[in-house]
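Chain and residue survey
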Amino acid sequence: MHYLDNAATTPVREDAAKAAFEAMINGWGNPSARYALGAEMTAKVKGWRQDVAKALGCGEDELIFTSCGTESDNWAIRAAVEINRRKGKHIITTAIEHSAVIEPCKALEKQGYEVTYLQPDRQGNITVEQVAEALREDTVLVSMMLVNNETGTILPVAEVGKLLKRKKSAALLHCDAVQGFLKAEFTPAKLGVDFMAISAHKVHAPKGIGAMYVRKGVKLPPMILGGGQESGLRSGTEATAQMAAFAVAAREGKAHLKEHLEHMAQINSYARAELTEKVPGLELLTEGGAPHILPVSLVGYKSEVVVRFLSDRGVYISSGSACHKGKPSHVYAALKLPKPVQDGVLRISFSYDTTREDVDALVTALQAAQRELFTSLS
Ligand code: PLP
């Protein structure tokens, strides 16, 4: 199998899976219990939180465990408008956010909020000037992702952070860093954000856990009321096995970050060169960006058909619609690509363990697709 869809999800690292197993078999106590086993688990939860916080570059008291990136995005957006409820009803976001941001924004529109969706250029770039132009007295939230999940483009979150400070804006800044965490070097403080969402299954840990950064001093309204876990903000008995695995993946990912980034960048440029040379008619859609994402188009071919064809040959990539249940992607639509280019969009995504052989297998399978599949171009 040649797995080249790491932006959709990543295989769980063995050491992370072992940590989860250990937490389930030997460390299954309830952290809220008043006896020794409970205290032991409370200490473990603290350690796991420290590991993830350290990898993200924030204080342990600024990190809340959630169930996934989607939950963190939803919570941050609702929290920001709740905190700023007396200050206005205008939100700025981008047209290329993940649906975990777009959908809560749409829900707020139904409640009377006005949302400005900044449009990208043909490469998927959004500029700080666009945010400056859209910013108003009554803007209460700016939500901007760090790395786009379909194009790999990096958005100017740090510049937006500085802009909001310079303008003394009341707007809170949320950053969906689900595709940025351990794929770029940053800290929430350096970006100047108030909230940030990350997800474990994109960094070789299991599904079912994510985290939210909340800047110290921001008074976050609770998500789930109950037994008071996660500082009373998100009650519910802790998902200790997932936390244990997330901690290992975050710690190891951070320890090897430079080397991983370099490896993915090398694989990315190898893939760009090989695809350009050996698959004529394939278009690279962006010039650069995050090292793990390479969006291309097999112009004139239907991407879902190509994805299935490749899958039959053991090569897994995405048609760019994995999160859209087969609907055309709003991100590629926002790039306003010509129809034959848009129809043929494929997202290739790498990880620290992707090999040149994986890329070679992709090239061979795409060449076969070009020979054997019908094209709308004649
Ligand atoms: N945000 C981005 C940019 C993503 O790529 C994803 C997942 O694809 C999410 C949010 C949602 O994360 P999760 O799958 O953990 O809910």
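All of these numbers come straight from a predicted model, not from anything done at the bench.

Thresholds, definitions, all that
Residues numbered from 1 in each chain as written. Predicted model: local features only at pLDDT ≥ 70, side-chain atom pairs only at ≥ 80, totals over all residues. Heavy atoms only, no water. Phe/Tyr/Trp six-rings, centres within 6.5 Å; stacked < 30°, edge-to-face > 60°. Lys NZ or Arg CZ within 6 Å of the ring centre and 35° of its normal. Helix = DSSP H or I, 4+ residues; strand = E, 2+ residues; numbered from the N terminus. Contact = heavy atoms within 4.5 Å. Buried < 20%, exposed > 50% of the residue type's maximum accessible area, 1.4 Å probe, protein only. Right-handed = clockwise from strand over helix to strand, strands pointing away. Pairing = 2+ DSSP bridges. Expected span 1.5 Å × (residues − 1). Near = heavy atom within 4 Å. Polar contact = N/O pair within 3.5 Å; in protein donor to acceptor, adjacent residues only side chain to side chain. Areas by Shrake-Rupley, 256 points an atom, 1.4 Å probe, with all protein chains shown as cover. Axes fitted to C-alpha atoms, helices over the stretch in contact; angles between N-to-C directions. Parallel < 35°, antiparallel > 145°, perpendicular 65-115°, else oblique. Left-handed = near helix turned anticlockwise from the far one by under 90°. Nonpolar A, V, L, I, M, F, W, Y, C, P; charged D, E, K, R; others polar.

This part takes up the packing of aromatic side chains. Summed over all chains, the structure comprises one aromatic pair. Sitting over the face of the ring of tyrosine 113, lysine 89 holds its NZ or CZ atom 5.1 Å from the ring centroid. Here the guanidinium or amino end of arginine 356 rests over the ring plane of tyrosine 270, the centre of that ring lying 4.1 Å away.

Examined against the element boundaries, aspartate 15 turns out to sit in helix 1 (residues 14-25). Measuring from C-alpha to C-alpha, the distance between aspartate 15 and glycine 344 comes to 38 Å, with 329 residues separating the pair along the chain. In this structure aspartate 15 touches Val248 and Glu252, once residues within four positions along its chain are discounted.

In this section: the pairing of strand 3 (residues 90-94). For strand 3, a buried count of five out of five residues is recorded, marking the element as mostly surrounded by other parts of the structure. Residues His90, Ile92 and Thr94 point to one face of strand 3 and Ile91 and Thr93 to the other, with burial holding for every one of them. Read from strand 3 through helix 4 (residues 99-110) to strand 4 (residues 114-118), the crossover connection turns out right-handed. As judged from the three bridges shared by strand 3 and strand 5 (residues 139-143), these two strands associate in the parallel manner. Paired with isoleucine 91 across the two strands is leucine 141, which belongs to strand 5.

Turning our eyes to something else, we now look at helix 8 (residues 240-255). An ideal rise of 1.5 Å per residue puts 22 Å on 16 residues; helix 8 measures up with 22 Å between its terminal C-alpha atoms. Burial in helix 8 covers these residues: Thr240, Ala241, Met243, Ala244, Ala245, Phe246, Ala247, Val248, Ala249, Ala250 and Gly253. Buried-residue contacts for helix 8 involve helix 1, helix 2 (36-56), strand 2 (63-66), strand 7 (195-199), strand 8 (210-214) and helix 9 (257-278).

Around the ligand, the structure places 14 residues, and the nearest of them are Gly69, Thr70, Asp176, Ser199 and Lys202. Note that an oxygen atom of the ligand is positioned 3.4 Å from one of the side-chain N or O atoms of histidine 98. One nitrogen or oxygen atom from the side chain of glutamine 179 is found 2.8 Å from an oxygen atom belonging to the ligand. When the ligand is considered free in solution it has 390 Å² of accessible area, and contact with the protein chains removes 92% of it.

On to the packing of helix 1 against helix 8, then. Orientation of helix 1 relative to helix 8, taken along the N-to-C sense of each, is 150°, at an axis distance of 7 Å. Between helix 1 and helix 8, the interaxial angle falls into the category roughly antiparallel. Remark: the crossing between helix 1 and helix 8 carries right-handed chirality. On helix 8, the residues that touch Asp15, Ala16, Ala19, Ala20, Ala23 and Met24 of helix 1 are Thr240, Ala241, Ala244, Ala245, Val248, Ala249 and Glu252. Taken together, the residues of the contact of helix 1 with helix 8 break down into ten nonpolar, one polar and two charged.

With that out of the way, let us pick up the sheet that holds strand 4. An order of 2-8-7-6-5-3-4 is seen for the seven strands of this open sheet, with the pairing classed as mixed. On the outer flanks of this sheet lie strand 2 and strand 4, each paired with one strand and no other. Going across the sheet, the axis of each strand differs from the next one's by a mean of 20°, ignoring polarity. The pairing of strand 6 (residues 172-176) with strand 7 spans three bridges and is classified as parallel. In the sheet register, cysteine 175 faces strand 7, and the bridge partner there is methionine 196. Helix 2 contacts strand 2, strand 7 and strand 8 of the sheet and is inclined by roughly 110° relative to strand 2.

In this section: the side chain of serine 349. Within the secondary structure layout, serine 349 lies in strand 12 (residues 345-349). Sequence-distant contacts of serine 349, defined by excluding residues within four places in its chain, comprise Leu4, Asp5, Asn6, Ala7, His292 and Ile293.

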